[in-house]
Amino acid sequence: MKLKPGKPVLINAALAAAGSVLAASLVIGTEREERNGAESRPGQQASVKGPLIDLDLSRLNRQASVETDDGLFPARAPQAPPSPIPSQAVIQAPPAPSKPVAPPLPFKYLGLMEDRGQLIVFVARGDELLSLKPGDVIANQYRVDEASEASVTFTYLPLDQRQVLTIGSRQ
């Protein structure tokens, strides 16, 4: 199936082509005029369009000004450079980071009870009351390792450090 272009399409295409040729010829013509005007023949000076400006270049040179102390910004003498660092200066290395330490035990001793030969220690952690025996783990942070009438030994699990809560003896 062949499409036949209609007359309006052909006329529009022809007008567009003619317009682009006309625009190109105008641009080329102005370029030739500028090039011809800028070229000069031997013995002739090139013509310059526009007025010439007479510049007095001697006005660009500044004269040294006399500085006075009573001005808004008084003159200052330059500061002496800092003294050089002695060549035998000892540079100390920063101290090695200390080994992390477990926080203080958050437990307060409340009481002790013996149940079938096993000691149960009652402690408070903030508003929470806990009854602990060896092997108990509290909030995945502390494990009860030993309990006696004198103390309770905990292990701070994140750092695997042992801590002791002294409770005294029965009276």
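Residues numbered from 1 in each chain as written. Predicted model: local features only at pLDDT ≥ 70, side-chain atom pairs only at ≥ 80, totals over all residues. Heavy atoms only, no water.

Participant: When you look at the overall build of the protein chain in this model, what are you seeing that I'm missing?
Facilitator: When you go through the protein chain residue by residue, the secondary structure sums to one helix and seven strands. When the elements of the protein chain are put in sequence order from the N terminus, they spell out α-β-β-β-β-β-β-β. Taking all 171 residues of the protein chain together, the buried fraction comes to 14%. Considering only residue pairs separated by 6 or more positions, the protein chain has 24% of its internal contacts joining residues 24 or more positions apart. In the structure as shown, the protein chain presents an accessible area of about 15,500 Å², 56% of it carried by carbon and sulfur atoms. (Helix = DSSP H or I, 4+ residues; strand = E, 2+ residues; numbered from the N terminus. Buried < 20%, exposed > 50% of the residue type's maximum accessible area, 1.4 Å probe, protein only. Contact = heavy atoms within 4.5 Å. Areas by Shrake-Rupley, 256 points an atom, 1.4 Å probe, with all protein chains shown as cover.)

Participant: What is the right way to look at the pattern of salt bridges in this model?
Facilitator: For side chains bearing opposite charge, pairing can occur when the charged atoms are close. Under the defined criterion, the tally for this structure stands at four salt bridges. One salt bridge connects Asp145 with Arg143, and the closest N-O pair in it is separated by 2.9 Å. With a shortest N-O distance of 3.4 Å, Glu146 and Arg162 are connected by a salt bridge. Highlighted residues: Glu146 in strand E5 (residues 142-147) and Arg162 in strand E7 (residues 161-166), separated in sequence by 16 residues. Note on Glu146: relative accessible area 47%, which makes it partly exposed. (Salt bridge = Lys/Arg side-chain N within 4 Å of Asp/Glu carboxyl O.)

Participant: Whenever I open this one, unusual backbone geometry confuses me. Can you help?
Facilitator: Among all residues except glycine, the phi angle is most often negative; among peptide bonds, the trans geometry is most common. Unlike most non-glycine residues, Ala139 shows phi in positive territory, near 55°. Its place among the elements puts Ala139 in the loop between strand E4 (137-138) and E5. Positive phi values are uncommon outside glycine, yet Asn140 reaches one of about 55°. Along the polypeptide, Asn140 turns up in the loop between E4 and E5. Judged by its relative accessible area of 67%, Asn140 is exposed.

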